[in-house]
Amino acid sequence: SQKIEQNSEALNIQEGKTATLTCNYTNYSPAYLQWYRQDPGRGPVFLLLIRENEKEKRKERLKVTFDTTLKQSLFHITASQPADSATYLCAPPGYSSASKIIFGSGTRLSIRP
Amino acid sequence: DVKVTQSSRYLVKRTGEKVFLECVQDMDHENMFWYRQDPGLGLRLIYFSYDVKMKEKGDIPEGYSVSREKKERFSLILESASTNQTSMYLCASNSQGRDTEAFFGQGTRLTVV
């Protein structure tokens, strides 16, 4: 069955640095992938979507890449701020049904001042 | 402002009780989802509905059932609650299509004692 892995359970970086989060998938080739942010005690909130024919997508300080050869997506936050501290989830569509959305276990990002 | 509303923020139930978790969306979305979230396991899909009265099992449907009698409402039913169903439950919805973002409710933290 398809598998999604977010390599780091937790990532701590200094304010102002670039945070890079990794999402790897196996056993299928999703046509797109979404990234969400989740704050403690709240539901996830959509950030960005990248399609298989797009190498890179940007939104303000956020950048997502999608490498279909490596079966990997990278999520970058540049000039990170303490307010960026949250859990970030990657979410490709399900293998059996593109309408389903499945989630990686997430990476908890902490930005220290 | 788009909204997915879950009926309870916190719920405490006894083992063996029948439990109903309700979710309502006001965006006229075709798809609705129920996930549970546990530390270290991420969001796991319980059930998915793509239309009124239509449903598909997710990855962990055992011990749960769902009901979708109206487009805007999707209910998750724990037929006989058990302590291993203590978790955060999240409802989401999105419109039909290959790459539409999901909107989440605020979550229901269910404790089964």
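**Structural notes on the overall build of chain A**
Then, in step 1: On a plain count of helices and strands, chain A comes out with 0 helices and 10 strands.
Then, in step 2: Each helix (α) and strand (β) of chain A, taken in turn from the N terminus, gives the series β-β-β-β-β-β-β-β-β-β.
Then, in step 3: At 13 Å, chain A has a C-alpha radius of gyration in line with the 13 Å of a compact globule built from 113 residues.
Then, in step 4: Once the C-alpha set of chain A is aligned to its principal axes, its extents read approximately 45 × 30 × 20 Å.
Then, in step 5: In chain A, which comprises 113 residues, the proportion classed as buried is 50%.
Then, in step 6: Sequence-distant contacts, at least 24 apart, represent 54% of the contacts inside chain A between residues at least 6 apart.
Then, in step 7: Accessible surface computed for chain A: about 5500 Å², of which carbon and sulfur atoms make up 46%.
Then, in step 8: Side-chain charges of chain A comprise 15 positive and 10 negative groups, with the mean position of each set lying 1 Å from the other.

**As for the side chain of Thr100(B)**
Then, in step 1: Relative to the helices and strands, Thr100(B) resides in the loop between β9 (87–94) and β10 (103–104).
Then, in step 2: Judged by relative accessible area, Thr100(B) falls into the buried class, the value being 18%.
Then, in step 3: Only 2.7 Å separates the side chain of Thr100(B) from the backbone oxygen of Ser95(B), close enough to count as a polar contact.
Then, in step 4: Not counting chain neighbours up to four residues away, the residues in contact with Thr100(B) comprise Gln34(A), Ile101(A), Asn94(B) and Ser95(B).

**Details of the packing of aromatic side chains**
Then, in step 1: Inspection of every chain in the model, using the stated rule, returns 13 aromatic pairs over all chains.
Then, in step 2: Seen in terms of ring centroids, Tyr36(A) and Phe104(B) are 6.1 Å apart; in terms of plane orientation they differ by 85 degrees. Their pairing is edge-to-face. Taken as a pair, Tyr36(A) in strand β4 (residues 32–38) and Phe104(B) in strand β10 lie in two separate chains rather than in one. Each member of the pair, Tyr36(A) as well as Phe104(B), is classed as buried.
Then, in step 3: The aromatic ring of Tyr10(B) is capped on one face by Arg9(B), whose charged end is 5.8 Å from the ring centroid.

**Concerning the nonpolar core**
Then, in step 1: Membership of the largest hydrophobic core comes to 23 residues, with the highest contact counts inside it found for Leu33(A), Trp35(A), Phe75(A), Ile77(A), Tyr88(A) and Leu109(A).
Then, in step 2: Counting residues per element, the ones that place at least two in this core are β3 (19–26), β4, β5 (45–51), β7 (62–67), β8 (72–77), β9 (86–91) and β10 (107–112) of chain A.
Then, in step 3: No other element matches β3(A), which puts 4 residues into this core.
Then, in step 4: Here Leu33(A) is in contact with Cys23(A), Tyr25(A), Leu48(A), Leu49(A), Ile50(A), Phe66(A), Ser73(A), Cys90(A), Ala91(A) and Pro92(A), once residues within four sequence places are set aside.
Then, in step 5: Grouped together as the second largest cluster of nonpolar side chains are 21 residues, Leu21(B), Cys23(B), Met27(B) and Val66(B) included.

**Thoughts on the sheet that holds strand β3 (residues 19–25) of chain B**
All names here are of chain B.
Then, in step 1: Pairing is antiparallel in the open sheet, where 4 strands are placed in the order β1-β3-β8-β7. Either end of the sheet is taken by a strand with one partner, and the two such strands are β1 (4–6) and β7 (64–70). The average undirected angle you get between the axes of adjacent strands in this sheet is 20 degrees.

**With respect to the state of the cysteines**
Then, in step 1: By the definition in use, this model includes 2 disulfides over all chains.
Then, in step 2: Between Cys23(A) and Cys90(A) runs a disulfide, and the two sulfur atoms are separated by 2.0 Å. Disulfide Cys23(A)-Cys90(A): torsion about the S-S bond near 60 degrees, hence right-handed. Of this pair, Cys23(A) sits in strand β3 while Cys90(A) sits in strand β9, and the two are 67 residues apart along the sequence. In this structure, Cys23(A) and Cys90(A) share a single accessibility class: buried.
Then, in step 3: Cys23(B) shares a disulfide with Cys91(B); S-S distance 1.9 Å. Judged by the sign of its S-S torsion, about -75 degrees, the cystine formed by Cys23(B) and Cys91(B) is left-handed. Here the residue Cys23(B) occupies a position in strand β3, and Cys91(B) occupies one in strand β9, the gap between them amounting to 68 residues. With respect to class, Cys23(B) is no different from Cys91(B); both count as buried.

**Observations concerning the sheet that holds β10(A)**
Residue and element names in this part refer to chain A.
Then, in step 1: A sheet is described by the order of its strands in space; here 5 strands give the open sequence β2-β10-β9-β4-β5, paired in mixed fashion. Of all strands in the sheet, those bounded by a partner on one side alone are β2 (10–14) and β5. Direction aside, neighbouring strands of the sheet carry axes that sit 25 degrees apart on average.
Then, in step 2: As judged from the 5 bridges shared by β2 and β10, these two strands associate in the parallel manner. Residue pairing across strands places Asn12 opposite Ser110, the latter belonging to β10.

What counts, and where the lines are drawn
Residues numbered from 1 in each chain as written. Chains lettered and ligands numbered in written order. Predicted model: local features only at pLDDT ≥ 70, side-chain atom pairs only at ≥ 80, totals over all residues. Heavy atoms only, no water. Helix = DSSP H or I, 4+ residues; strand = E, 2+ residues; numbered from the N terminus. Rg over C-alpha atoms; globule rule 2.2 N^0.38 Å. Buried < 20%, exposed > 50% of the residue type's maximum accessible area, 1.4 Å probe, protein only. Contact = heavy atoms within 4.5 Å. Areas by Shrake-Rupley, 256 points an atom, 1.4 Å probe, with all protein chains shown as cover. Lys, Arg positive; Asp, Glu negative; His and termini not counted. Charge placed at Lys NZ, Arg CZ, Asp CG, Glu CD. Polar contact = N/O pair within 3.5 Å; in protein donor to acceptor, adjacent residues only side chain to side chain. Phe/Tyr/Trp six-rings, centres within 6.5 Å; stacked < 30°, edge-to-face > 60°. Lys NZ or Arg CZ within 6 Å of the ring centre and 35° of its normal. Core = buried A, V, L, I, M, F, W, Y, C linked by side-chain atoms within 4.5 Å. Pairing = 2+ DSSP bridges. Axes fitted to C-alpha atoms, helices over the stretch in contact; angles between N-to-C directions. Disulfide = S-S within 2.5 Å.

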